[in-house]
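Residues per chain, in single letters:
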Amino acid sequence: MSQSRPFYAFHAAAYDLLITDPVEPWVDAVHGVLVRTGHHAASVLDAGCGTGRHAAALAAKGHRVDLADAAGALLDQAAKRCPAARLHQTDLCSLDVGSPYQAVTCRGVLNDMTTDLERDAVLVSLAGSLQEGGLLILDVRDERGSRERADGTPRERTVELGPGEQLIFTSTVTWQAGLLRVHEQYDLLVRDEPQHRSSYEFTMRPWSKAELRQRLSAAGFHDIEIGPGVGRQTADRLFIVAVRR
């Protein structure tokens, strides 16, 4: 997906224009968790960092934040925002970060793991990137809320890429057999004339609270806290904190 999805590759420059959830609520929540657990200047890995908006804001609060993402075009943007960060271009299921971190944050990415094998592998990989007692802080899609929103209605957004240049992004999501099935269409216009159209289809698998507790426990985590999503514009996310044994 990191190489073929237009959102991560051909149209990566439009990522921040299309993903407009505010940074501050999530970063404030993560910072609050770190401070209350005694990590006032933590070593943090942002796993699935995207363009680095959240990592840069967390670093501005005094934490040392490194970056991991499978999408090179997004990681390049993140590196410019976080010039002091170490970079890991890698599949999160096979992280090899060297020295483990005091905290790992992962926002949104785990929904792309659709098989049981992938889900267990990524949680074990994230656990292996943490020190003993380290914190895993997640944002994932909630199964119930995601199912309710997957109504098959096309949702369209238009963003201005430059003088006379527009990108129209349309996303249609349906629910089938426990999976979100997503169809995306990207239309590039220059002075209102169509220049390029691309489309992409993929699936996501939301998480239930019961599954989160079971898989996190099996991967070596305890003290698992699950609450409503933070900093999202829709009520279909969960905010999770877990401690590595």
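That block above? That's the structure.
Quantities reported herein were computed from a predicted structural model and do not represent experimental measurements.

Draft legend 1. Seen up close, the sheet that holds strand S4 (residues 101–107). Taking strand neighbours across the sheet as the criterion, the seven strands line up as S3-S2-S1-S4-S5-S11-S10 in an open arrangement whose pairing is mixed. Edge strands, defined here as strands with exactly one partner in the open sheet, are strand S3 (87–89) and strand S10 (221–228). This sheet shows a mean twist of 15° between the axes of neighbouring strands, independent of strand direction. Inspection of the sheet shows S10 paired to strand S11 (residues 237–244) by six bridges, in the antiparallel sense. Its bridge partner lying in S11, histidine 222 is registered against valine 243. Seen against the sheet, helix H5 (residues 116–128) touches strand S1 (43–47), S4, strand S5 (130–141), S10 and S11 and runs at an angle of roughly 140° to S5. Of the strands in this sheet, S5, S10 and S11 touch helix H7 (residues 209–218), which is tilted by about 160° from S10.

Draft legend 2. Representation of the pairing of strand S8 (residues 179–190) within the structure. The pairing of strand S7 (residues 165–176) with S8 spans twelve bridges and is classified as antiparallel. Counted as the bridge partner of glutamate 165 is valine 190 from S8. Where S7 folds back on S8, the antiparallel hairpin that results is connected by two residues, among which alanine 177 adopts a positive phi of roughly 50°. Relative to strand S9 (residues 193–204), S8 runs antiparallel, the two being bridged by eleven bridges. Looking at S9, one finds that leucine 189 is bridged to proline 194.

Draft legend 3. Representation of the nonpolar core within the structure. The biggest cluster of nonpolar side chains holds 30 residues, and the ones touching the most others in it are Leu110, Leu126, Leu136, Leu138, Leu216 and Ile240. Listed by contribution, the elements that provide at least two residues to this core are S1, S4, H5, S5, H7, S10 and S11. Excluding residues that lie within four positions of it along the chain, leucine 110 makes contacts with Arg119, Val122, Leu123, Leu126, Leu138, Val140 and Trp207.

Draft legend 4. Layout of the environment of glutamate 156. One can find glutamate 156 in strand S6 (residues 155–162). Each C-alpha atom, one on glutamate 156 and one on phenylalanine 7, is 14 Å from the other, the two residues being 149 residues apart in sequence. Apart from residues lying up to four places away in sequence, glutamate 156 is in contact with Ile168, Phe169 and Thr170.

Draft legend 5. Main features of the sheet that holds S8. Within the open sheet, the four strands sit side by side as S6-S7-S8-S9. Their pairing is antiparallel. Both outer strands of the open sheet, S6 and S9, are each paired with one neighbouring strand and no more. Strand-to-strand twist in this sheet, taken as the mean axis angle between neighbours without regard to direction, amounts to 15°.

Draft legend 6. Representation of the packing of aromatic side chains within the structure. Enumeration according to the criterion identifies six aromatic pairs in this entry. When the ring centre of tyrosine 8 is taken as reference, the NZ or CZ atom of arginine 5 above it lies at 4.8 Å.

Draft legend 7. Summary view of the environment of alanine 57. Counting through the fold element by element, alanine 57 comes out in helix H3 (residues 53–59). Given the relative accessible area of 24%, alanine 57 is considered partly exposed. Expressed as a C-alpha distance, the spacing of alanine 57 and leucine 74, which sit 17 residues apart in the sequence, is 17 Å. Look past the residues within four positions of alanine 57 in its chain and what remains in contact with it is Val23 and Val27.

Definitions and cut-offs
Residues numbered from 1 in each chain as written. Predicted model: local features only at pLDDT ≥ 70, side-chain atom pairs only at ≥ 80, totals over all residues. Heavy atoms only, no water. Pairing = 2+ DSSP bridges. Helix = DSSP H or I, 4+ residues; strand = E, 2+ residues; numbered from the N terminus. Axes fitted to C-alpha atoms, helices over the stretch in contact; angles between N-to-C directions. Contact = heavy atoms within 4.5 Å. Core = buried A, V, L, I, M, F, W, Y, C linked by side-chain atoms within 4.5 Å. Buried < 20%, exposed > 50% of the residue type's maximum accessible area, 1.4 Å probe, protein only. Phe/Tyr/Trp six-rings, centres within 6.5 Å; stacked < 30°, edge-to-face > 60°. Lys NZ or Arg CZ within 6 Å of the ring centre and 35° of its normal.

None of the figures reported here should be taken as evidence of function without further support.
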